[in-house]
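Overview (structure and organization)
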There are 2 protein chains.
Amino acid sequence: MIHRSTVHEVLIAVFQVRAFSDPDSPELAVLLWQRALDPEAGTWSLPGGTLRDDENLATSARRQLAEKVDVRSVAHLEQLSIFSEPDRVPGDRRIASTFLGLVPISTEPTLPGDTTWHPVSALPPMSFDHGTVVAHARHRLVAKLSYTNIGFALAPVEFSISSLREIYGAALGYQVDATNLQRVLSRRGVIEPTGRRAPSGKAGGRPPALFRFADNSIRVTDEFAALRPPQA
Amino acid sequence: MIHRSTVHEVLIAVFQVRAFSDPDSPELAVLLWQRALDPEAGTWSLPGGTLRDDENLATSARRQLAEKVDVRSVAHLEQLSIFSEPDRVPGDRRIASTFLGLVPISTEPTLPGDTTWHPVSALPPMSFDHGTVVAHARHRLVAKLSYTNIGFALAPVEFSISSLREIYGAALGYQVDATNLQRVLSRRGVIEPTGRRAPSGKAGGRPPALFRFADNSIRVTDEFAALRPPQA
DNA sequence: TCAAAAGTGTTATGAGTACACCCATGA
DNA sequence: TCATGGGTGTACTCATAACACTTTTGA
């Protein structure tokens, strides 16, 4: 058989909730850069690159991201699965370890010219299997919003419940009730009141209380959906 | 820096529920082989080996397993995380992709002389970071027993509820109520009655009805613990 | 005083747990 | 007829969803 060399690469799906057309209904967006050169020139790719000898995967992911976005703005990063089909890209074999990264709303990191945010509901033509990676990452995010405090990595430091509702709605892909969101997250100790209030909006209305996330790293908050250990 | 070559390896934590001391309370066991040579001669390792150029990770995992156990007995195989620390093993760098494998109870595949089942509650001295892999795999199994039908890969084709209760108890690490186990799995459509009955045991007693799993591949049965989409 | 937005209260539902009680069988 | 399990019925708890109602503000 033809001798092929194998390299290990890292690919990161970085998500942020952003306003596109309507500022009142923001959408989940993913960071992509457009390939200038073949193969697949013109298609859009996830940030990433080759693993170095002296770094582990998480370190590499942060280093690769630094080329596209201010890494300090990435509030959460976690491993997804590996894409290992021998022919997933042309040329040398590339085994891809994929990651999910999250950037809080309304941070605006400066981006290179080839790089922009795209709503996940309308992705441009994607390079290789990168569209599949985005789908996996979105699925993981939706699942973890239900049973962890991962929302901390999408929300600002302080927020009203209704703005948090917009963030969850955008990330999940369906509307959630603000009342119940507050109750669920409060009971689990995921969010807590700051005691401060925001000014009321342009059209008047009662000024909202401000909340914050209790932790700024991921924590499982509802481990057993069923088959819990006995209480006694 | 010193030139190092990097290889990609696969490691599989294969679990089975087995009777050790007491046949009435089986335990979760993991398949290990003992290293005859250095490094770390005498310690116990997970089955696995180097990824080939022409295979993906899942294919490689099945091929590696074939050297230790009859692969047809492995009812479920899924990817866990990657261990990528540059110095996780001495010598050339080895990036390890880890897997969880499950073998149904009371199948007895023939094993090589260096290979045996060990209860996960009392692991022998483990090679490198293989103990951590076993812990991750166990954690994944426990989680998936709650929200998927993954029990199909641990149970025999037909079973009574009380024997299924023993299997779940061993895998989870805590006792479950047979009544509620039946109700939860039946409501979710995970198990179904076969219409047949088993003979009653040595000490008499009512003969149990036999059940089977409705599917023999993994399926998520309880996706949303909270924040479900609205019904309308 | 009215509209708008936030926040509270209330009810309904459904999943899961715990446990008492009844059933079927062999000795 | 009794011991030994298996199986059923039922009450309780609790998290969540749905939605009406009240409160607080600006115009």
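Rules behind the numbers
- Residues numbered from 1 in each chain as written.
- Chains lettered and ligands numbered in written order.
- Predicted model: local features only at pLDDT ≥ 70, side-chain atom pairs only at ≥ 80, totals over all residues.
- Heavy atoms only, no water.
- Phe/Tyr/Trp six-rings, centres within 6.5 Å; stacked < 30°, edge-to-face > 60°.
- Helix = DSSP H or I, 4+ residues; strand = E, 2+ residues; numbered from the N terminus.
- Buried < 20%, exposed > 50% of the residue type's maximum accessible area, 1.4 Å probe, protein only.
- Contact = heavy atoms within 4.5 Å.
- Salt bridge = Lys/Arg side-chain N within 4 Å of Asp/Glu carboxyl O.
- UniProt positions renumbered as here; feature names shortened; annotations may be inferred.
- Near = heavy atom within 4 Å.
- Polar contact = N/O pair within 3.5 Å; in protein donor to acceptor, adjacent residues only side chain to side chain.
- Least-squares fit on C-alpha atoms with pLDDT ≥ 70 in both.
- Core = buried A, V, L, I, M, F, W, Y, C linked by side-chain atoms within 4.5 Å.
- Axes fitted to C-alpha atoms, helices over the stretch in contact; angles between N-to-C directions.
- Parallel < 35°, antiparallel > 145°, perpendicular 65-115°, else oblique.
- Nonpolar A, V, L, I, M, F, W, Y, C, P; charged D, E, K, R; others polar.
- Buried area = accessible area lost by both parts, 1.4 Å probe.

1. Regarding the packing of aromatic side chains
Residues and elements named next belong to chain B. In this structure the tally under the stated criterion is two aromatic pairs over all chains. Ring centres of Phe 159 and Phe 213 lie 5.4 Å apart, and the angle between their planes is 50°; this geometry places the pair in the tilted category. Placement of Phe 159 in the loop between helix H2 (130–147) and helix H3 (161–172) and of Phe 213 in strand E9 (residues 209–213) is noted, with a sequence separation of 54 residues between them. When its relative accessible area of 1% is taken as the criterion, Phe 159 is described as buried.

2. With respect to the environment of Ala214(B)
All names here are of chain B. Within the fold, Ala 214 resides in the segment after E9. Residue Ala 214 is classed as partly exposed on the basis of its relative accessible area of 33%. Linking Ala 214 and Asp 92, residues 122 residues apart in sequence, is a C-alpha distance of 46 Å. Ala 214 has contacts with Gly 189, Val 190, Ile 191 and Glu 192, leaving out every residue within four places of it along the chain.

3. What to know about the environment of Leu11(A)
Residue and element names in this part refer to chain A. Topologically, Leu 11 is positioned in strand E1 (residues 6–18). With 87 residues separating them in the primary sequence, Leu 11 and Thr 98 have C-alpha atoms 4.8 Å apart. When near neighbours in sequence (up to four residues on either side) are disregarded, Leu 11 contacts Leu 46, Pro 47, Gly 48, Arg 88, Ala 96, Ser 97, Thr 98, Phe 99 and His 130.

4. Observations concerning the pattern of salt bridges
Using the criterion set out here, one finds 28 salt bridges over all chains in the structure. Across the pair Glu78(A) and Arg140(A) runs a salt bridge whose closest N-O atoms are separated by 2.7 Å. Taken together, the positions of Glu78(A) in strand E5 (residues 76–83) and Arg140(A) in helix H2 (residues 130–147) put the pair 62 residues apart, joining distant regions of the chain. With a closest N to O distance of 3.1 Å, Arg196(B) and Glu158(B) form a salt bridge. With Arg196(B) in strand E8 (residues 191–197) and Glu158(B) in the loop between H2 and H3, this residue pair connects regions lying 38 residues apart in the sequence. The exposure class of Glu158(B) is partly exposed, given its relative accessible area of 27%. Each member of the salt-bridge network shares a partner with another, and the members are Glu9(A), Arg88(A), Arg94(A) and Asp129(A).

5. Overview of the UniProt feature "domain: Nudix hydrolase" (unreviewed entry) in chain A
The residues that UniProt annotates with the feature "domain: Nudix hydrolase" (unreviewed entry) are residues 5–148 of chain A. Here residues 5–148 of chain A runs as 19% helix and 34% strand, with 40 Å between its end C-alpha atoms.

6. Let's talk about the protein's contact with DNA strand D
DNA strand D sits among 26 residues. The nearest are Arg188(A), Ser162(B), Arg183(B), Gly205(B) and Ala209(B). The contact atoms of DNA strand D, taken as those within 4 Å of the protein, divide so that sugar and phosphate hold 59%. Within the side chain of Arg183(A), a nitrogen or oxygen atom sits 3.1 Å from a base nitrogen of DNA strand D. In the environment of DNA strand D, a phosphate oxygen lies 2.5 Å from a nitrogen or oxygen atom belonging to the side chain of Arg188(A).

7. As for the side chain of Ser160(A)
Residues and elements named next belong to chain A. For Ser 160, the position within the fold is in the loop between H2 and helix H3 (161–172). Ser 160 gets classed as buried once you look at its relative accessible area, which sits at 10%. Leave out the neighbours within four places in its chain, and Ser 160 touches Pro 208, Ala 209 and Leu 210.

8. Comments concerning the relation of the copies chain A and chain B
The two copies are related by a screw operation: chain A maps onto chain B through 180° of rotation and 0.0 Å of translation along the axis, at an RMSD of 0.0 Å. Put plainly, the chains are arranged around a two-fold axis. When the interface residues of chain A are mapped onto chain B, 100% of them again fall at the interface, so both copies present the same face.

9. Let's talk about the nonpolar core
Most often, soluble globular proteins have nonpolar side chains that are buried together. In terms of nonpolar packing, the biggest core is built from 45 residues, with Phe15(A), Leu141(A), Leu164(A), Tyr168(A), Ile191(A) and Phe213(A) touching the most fellow members. Elements with a contribution of two residues or more to this core: E1, strand E2 (27–34), E5, strand E6 (93–102), H2, H3, helix H4 (178–187) and strand E9 (209–213) of chain A. At seven residues, the largest contribution of residues to this core is made by H3(A). Core analysis: the next-biggest nonpolar cluster, separate from the first, contains 44 residues, Phe15(B), Ile161(B), Tyr174(B) and Val190(B) among them.

10. Here we look at the packing of H3(B) against helix H4 (residues 178–187) of chain B
Residue and element names in this part refer to chain B. It is the contact of H3 with H4, at a shortest axis distance of 9 Å, that shows an interaxial angle of 95°. If you check the angle between H3 and H4, you find them roughly perpendicular. Of the residues in H4, those touching H3 at Ile 161, Leu 164, Arg 165 and Tyr 168 are Ala 178, Leu 181, Gln 182 and Leu 185. The residue inventory of the contact of H3 with H4, partitioned by class, reads six nonpolar, one polar and one charged.

11. Topic: the interface of chain A and chain B
A common way to state how big an interface is: give the accessible area lost once the parts meet. The partner chain B presents 38 residues to the 38 residues of chain A that form the contact. Together chain A and chain B conceal approximately 3,000 Å² of surface at their shared face, both sides included; 59% is due to carbon and sulfur atoms. Our count for the contact surface shared by chain A and chain B stands at zero salt bridges. The interface formed by chain A and chain B includes twelve residue pairs in polar contact (both at pLDDT 80 or more).

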